[in-house]
Amino acid sequence: EVQVVESGGAVVQPGGSLRLSCAASGITLNNYDVNWVRQAPGKGLEWVSHISSSGNKIEYLDSVKGRFTISRDYAKNSLSLQMNSLGAEDTAVYYCLANSWFGGLLTLYWGQGTLVTVSS
Amino acid sequence: EIMMTQSPATLSVSPGERVTLSCRASQSVSSDLAWYQQKPGQAPRFLIYGSSIRATGIPDRFSGSGSGTEFTLTISSLQSEDFAVYYCQQYHNWPPLTFGQGTRLEIK
C-alpha cells in the first residue's frame, strides 16, 4: 500500500518559519514529481509549489515566491518545503501530492496533510 | 492564470439519482483536466484525469467528459459514500495549477 506522509505542521507566530517534510512508503518518491497544495480552513484547494523528479523544474505560487523553498533529499527519498515570513494567509492544511506519468497513465497520491497555523 | 469555475456550488440529490457536475475553464485546457473528491476531514481522492480517464480503483459509475473549456463529471447512480465536495483542476497551462472552487453534493 502506498502512503505519502507529511510532517512538520505546527502553530507559528506571524513572521516565523516552518519546514514541512514529505516522505512516502510503497513508492520511490525520487521518481515522482511532487506538488504542495494547501487548503485554508473551510476553503478550497490552492496549489503552492512544484518540484520535478529530477529537481530541474521548480515552480511557486506568486504569493509565496521568495518566502517558500521546495527541495528534495534524494538520499532520504523525501522532500521539504521551507516556509519563511509566514502570515495569517498561510494558515492551511498542506498536502503533499506525488504524481508520475508512465505509458500515458497518470498515477497520483495525496498525503493526509499537515496543519500550519500562523497566529500570535 | 486559467480560472476554473464550477457549478452549482451545492447540489442536493437523492441516493440512486444520476448527477452531473460542471466545470468551466477561462481558456482552453484541451483535455488536461482532473477531478477530485473530498470528504470532511480527509485528503482529496483522485478520480479522473485527461478529462475522462478514471484513476486506478475508481468505480465506473464515475465518468468525465469534455474538452477545451467545458467539462462534466457524472455519477450515474449516487451511493451514500459519494456525498462529498468535488473539485476540478487544470494542468494544461501552469504555473499555477488551478482548481475550481468545488461543488458540494449533499443528501436531499
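Scroll up a little and you will see the structure.
All values derive from a computational prediction rather than experimental measurement.

A. Structural detail: the overall build of chain B. Each helix and strand counted, chain B has 0 helices and 11 strands in total. Secondary structure elements in chain B, listed N-terminal to C-terminal, are β-β-β-β-β-β-β-β-β-β-β. Computed over C-alpha atoms, the radius of gyration of chain B comes to 13 Å, within 12% of the 13 Å expected from 2.2 N^0.38 for 108 residues, which places it in the range of a compact globule. C-alpha extents for chain B along the principal axes are approximately 35 × 25 × 25 Å. Relative to its 108 residues, chain B shows a buried fraction of 47%. Here the analysis covers contacts within chain B between residues at least 6 apart in sequence; of these, 57% occur between residues at least 24 apart. Of the accessible surface of chain B, which amounts to about 4800 Å², a share of 44% is contributed by carbon and sulfur atoms.

B. How the structure looks around the overall build of chain A. What chain A contains, in helices and strands, is 0 helices and 11 strands. Ordering the α and β elements of chain A from the N terminus gives β-β-β-β-β-β-β-β-β-β-β. Whereas a compact globule of 120 residues would reach a radius of gyration of roughly 14 Å, chain A reaches 14 Å, a difference of no more than 12%. Here chain A holds 120 residues, and 50% of them are scored as buried. Within chain A, contacts between residues at least 6 apart in sequence are counted, and of these 53% link residues at least 24 apart. Per element, the accessible surface of chain A, about 5600 Å² overall, is 49% carbon and sulfur. Within chain A, the 9 negative side-chain charges are centred at a point lying 4 Å from the centre of the 8 positive side-chain charges.

C. Seen up close, the sheet that holds strand E1 (residues 3-7) of chain A. All names here are of chain A. In spatial order, the strands read E1-E3-E8-E7; together these 4 strands make up an open sheet with antiparallel pairing. Looking along the sheet, the strands with just one partner apiece sit at the ends: E1 and strand E7 (68-73). The average angle at which neighbouring strand axes cross in this sheet is 15°, direction not considered. Relative to strand E8 (residues 78-83), E7 is paired through 6 bridges, and the arrangement is antiparallel. Within E8, the position partnered with Arg72 by the bridge is Leu79.

D. Layout of the sheet that holds strand E7 (residues 62-67) of chain B. Residues and elements named next belong to chain B. Read from one edge to the other, the open sheet built from 4 strands follows the order E1-E3-E8-E7, with strand pairing classed as antiparallel. Strands at the two margins of the open sheet, each flanked by one partner only, are strand E1 (4-7) and E7. Averaged over all pairs of adjacent strands, the angle between their axes in this sheet comes to 20°, without regard to strand direction. With 6 bridges joining them, E7 and strand E8 (residues 70-75) adopt antiparallel strand pairing. Paired with Gly64 across the bridge in E8 is Leu73.

E. Geometry of the side chain of Asp90(A). Residue and element names in this part refer to chain A. Assignment of secondary structure puts Asp90 in the loop between E8 and strand E9 (92-102). Note on Asp90: relative accessible area 0%, which makes it buried. Look past the residues within four positions of Asp90 in its chain and what remains in contact with it is Arg38, Arg67, Phe68, Ser85, Val116 and Val118.

F. Quick peek at the interface of chain B and chain A. Taken together, the contacts link 14 residues of chain B with 21 residues of chain A. Around 1500 Å² of area is buried between chain B and chain A when both sides are counted, 73% of it from carbon and sulfur atoms. Its largest share of buried area at the contact with chain A, chain B owes to Tyr49(B), Trp94(B) and Phe99(B), together 32% of the area lost on that side. One can count 0 salt bridges joining chain B with chain A. Elements supplying a minimum of two residues to the side of chain B that touches chain A: strand E4 (33-38) and strand E5 (45-49) of chain B. Class assignment for the residues of the side of chain B that touches chain A results in 12 nonpolar, 2 polar and no charged.

G. Inspection of the side chain of Arg61(B) at higher detail. All names here are of chain B. The topology assignment puts Arg61 in the loop between strand E6 (53-54) and E7. A polar atom in the side chain of Arg61 sits 3.5 Å from the side chain of Glu81. Residues within four places of Arg61 in sequence aside, it is in contact with Thr74, Ile75, Ser76, Ser77, Gln79, Glu81 and Asp82.

Reading the values: the criteria
Residues numbered from 1 in each chain as written. Chains lettered and ligands numbered in written order. Predicted model: local features only at pLDDT ≥ 70, side-chain atom pairs only at ≥ 80, totals over all residues. Heavy atoms only, no water. Helix = DSSP H or I, 4+ residues; strand = E, 2+ residues; numbered from the N terminus. Rg over C-alpha atoms; globule rule 2.2 N^0.38 Å. Buried < 20%, exposed > 50% of the residue type's maximum accessible area, 1.4 Å probe, protein only. Contact = heavy atoms within 4.5 Å. Areas by Shrake-Rupley, 256 points an atom, 1.4 Å probe, with all protein chains shown as cover. Lys, Arg positive; Asp, Glu negative; His and termini not counted. Charge placed at Lys NZ, Arg CZ, Asp CG, Glu CD. Pairing = 2+ DSSP bridges. Axes fitted to C-alpha atoms, helices over the stretch in contact; angles between N-to-C directions. Buried area = accessible area lost by both parts, 1.4 Å probe. Salt bridge = Lys/Arg side-chain N within 4 Å of Asp/Glu carboxyl O. Nonpolar A, V, L, I, M, F, W, Y, C, P; charged D, E, K, R; others polar. Polar contact = N/O pair within 3.5 Å; in protein donor to acceptor, adjacent residues only side chain to side chain.

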